[in-house]
Amino acid sequence: MTNDIGIAPIGLLSGKVVFITGASRGIGAAAARLFAAEGAAVVLAARGTDALERIVEEIRAGGGAADAVTLDLADPASIRAAVDRVEELHGRLDGAFNNAATVQVPGPLDTTGDKDIDEQFAVNFRAHWTAMTAEAALMGRNGGGAIVNTSSIGSRRANPALPAYGAMKRALNSLTETAAATWGRQGIRVNGITPGGTATEMMEAWEAVSPGIIEANNAATPLGRMAEPREVAEAAAWLLSDRASYVTGAIVPVDGGAGA
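Residues numbered from 1 in each chain as written. Predicted model: local features only at pLDDT ≥ 70, side-chain atom pairs only at ≥ 80, totals over all residues. Heavy atoms only, no water.

Caption draft 1: Main features of helix H4 (residues 114–140). With 27 residues, H4 ought to run about 39 Å at 1.5 Å a step, and its terminal C-alpha atoms sit 37 Å apart, in line with that. In H4, a bend of some 40 degrees at Arg-126 exceeds every other bend along the element. (Helix = DSSP H or I, 4+ residues; strand = E, 2+ residues; numbered from the N terminus. Expected span 1.5 Å × (residues − 1). Bend = angle between axes of the 7 residues up to and from the residue.)

Put into structure tokens, the structure is as follows:
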């Protein structure tokens, strides 16, 4: 079986149970397919399960193991229940890809309102804190594991177009590093990735509001194009694998050189 990249899998995640948030589209959906092709039993989470069930069926049809759970990132109880469901299904958790996010309506800092700040805090920061603490508790009972958080290139510099989004993603970078320092002795590695422009529905929505943003992104990227979602998922797969056994506390750019 080959994955959606056309590259034969090598069993990078063989035997691992991996939880993926935001798995219904974009980077999360690409990760679901890739991780399953690399041997993981994946548990896919998103707010709606219709799209997830289609991915689950596709993975199972290809001989992989997959399940779907509902998840509302704005509700900490829902996040904890989703992680509990992983334990019910598999009895353990080896890897978690905290990928789900929400983007604010593009606009300058002086038009960013309380609602924008509150939503960004709830989904792009607090939800990761809630997920990581639940995931680490389960991993810690079974000898450890690995967590990868999806941040953004916008966390690494000023972000005039998405100020609340960029601020919460920068806070997530700090939380990721702190988690790595906190849980390392328990055998839990925690890393982050900062994708640049990626060909997802989120980027299409931004282009609709701010025409020309994709062209500008490509012009500012040394590789001259946006990433495909599976290219970002590849970086997460490696960080979750035993090949990255001595990597923790890293915030890894996956941006085609745009942040160089």
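Caption draft 2: How the structure looks around the packing of helix H1 (residues 26–37) against helix H8 (residues 229–240). Running from N to C, H1 and H8 point in directions that differ by 55 degrees, and their axes come no closer than 8 Å. One way to sum up the angle between H1 and H8 is to call them oblique. Here H1 runs over H8; the crossing is right-handed. Together, Gly-26, Ile-27, Ala-30, Ala-31, Leu-34 and Phe-35 of H1 and Pro-229, Arg-230, Val-232, Ala-233, Glu-234, Ala-236, Ala-237 and Leu-240 of H8 make up the contact between the two elements. A class-by-class count of the residues in the contact of H1 with H8 yields 11 nonpolar, one polar and two charged. (Axes fitted to C-alpha atoms, helices over the stretch in contact; angles between N-to-C directions. Parallel < 35°, antiparallel > 145°, perpendicular 65-115°, else oblique. Left-handed = near helix turned anticlockwise from the far one by under 90°. Contact = heavy atoms within 4.5 Å. Nonpolar A, V, L, I, M, F, W, Y, C, P; charged D, E, K, R; others polar.)

Caption draft 3: Region of interest: the environment of Asp-255. Relative to the helices and strands, Asp-255 resides in the segment after strand E7 (251–254). Sequence separation of Asp-255 and Thr-198 is 57 residues, and the distance between their C-alpha atoms is 8.4 Å. The contacts of Asp-255, once residues within four sequence positions are left out, are Ile-153, Thr-194, Pro-195, Gly-196 and Thr-221. A polar contact is formed between the side chain of Asp-255 and the backbone nitrogen of Gly-259, at a distance of 3.2 Å. (Polar contact = N/O pair within 3.5 Å; in protein donor to acceptor, adjacent residues only side chain to side chain.)

Caption draft 4: Here's a closer look at empty space enclosed by the protein. Enumeration over the complete set of coordinates arrives at one cavity of 30 Å³ or more. For the largest cavity, the calculated volume is near 60 Å³. Forming the boundary of the largest cavity are Thr-21, Leu-71, Leu-73, Ile-79, Asn-98, Ala-100, Val-123, Ala-127, His-128 and Ala-131. Among the elements that make up the lining of the largest cavity, the one with the highest residue count is H4 (four residues). Here the lining of the largest cavity is composed, by residue class, of seven nonpolar, three polar and no charged. (1 Å grid on protein atoms, 1.4 Å probe; cavity = no way out; pocket = protein on both sides within 12 Å on 5 of 7 lines; lining within 4 Å. Points joined across faces, edges and corners; volume = space filled by probe spheres on them.)

Caption draft 5: Geometry of the side chain of Asn-217. With respect to the helices and strands, Asn-217 occurs in helix H7 (residues 213–219). On the accessibility criterion, Asn-217 (15% relative accessible area) is buried. Every residue in contact with Asn-217, bar those within four places of it in the chain, is listed here: Gly-197, Met-203, Arg-225 and Met-226. (Buried < 20%, exposed > 50% of the residue type's maximum accessible area, 1.4 Å probe, protein only.)

Caption draft 6: Focus on the pattern of salt bridges. In total, this model carries seven salt bridges according to the counting rule given. Across the pair Glu-87 and Arg-141 runs a salt bridge, and its minimum N-O distance is 3.2 Å. Of the two residues, Glu-87 sits in helix H3 (residues 76–90) while Arg-141 sits in the loop between H4 and strand E5 (145–150), which places them 54 residues apart along the sequence. Residue classification places Glu-87 among the partly exposed positions, given a relative accessible area of 32%. For Arg-141, a relative accessible area of 52% puts it in the exposed group. For Arg-225, the salt bridge is made with Glu-231, and the minimal N-O distance between the two is 2.9 Å. (Salt bridge = Lys/Arg side-chain N within 4 Å of Asp/Glu carboxyl O.)

Caption draft 7: Molecular detail of the nonpolar core. Judged by nonpolar contacts, the single largest core of 35 residues is most densely connected at Ile-20, Phe-35, Val-42, Leu-44, Phe-97 and Ile-193. It is H1 that contributes the most residues to this core, eight residues altogether. If near-sequence neighbours (up to four positions away) are discounted, Ile-193 is found in contact with Phe-97, Val-148, Asn-149, Thr-150, Ser-151, Ser-152, Val-232, Ala-235, Ala-236, Leu-239, Val-252 and Val-254. Of all hydrophobic cores here, the second largest spans 32 residues; its members include Ala-45, Met-132, Ala-179 and Ala-180. (Core = buried A, V, L, I, M, F, W, Y, C linked by side-chain atoms within 4.5 Å.)

Caption draft 8: Seen up close, the sheet that holds strand E1 (residues 17–21). Strand order in the open sheet formed by seven strands is E3-E2-E1-E4-E5-E6-E7, with parallel pairing between adjacent strands. The sheet is open, and its two borders are formed by strand E3 (65–70) and E7, each paired with just one other strand. Here the average twist between neighbouring strands, direction ignored, is 20 degrees. Summarising the sheet, E5 and strand E6 (residues 188–195) pair through six bridges and their orientation is parallel. Opposite Val-148, over in E6, you have Asn-191 as the bridge partner. Packed onto the sheet, H1 meets E1, strand E2 (41–46), strand E4 (95–98) and E6 and runs at close to 170 degrees relative to E1. (Pairing = 2+ DSSP bridges.)

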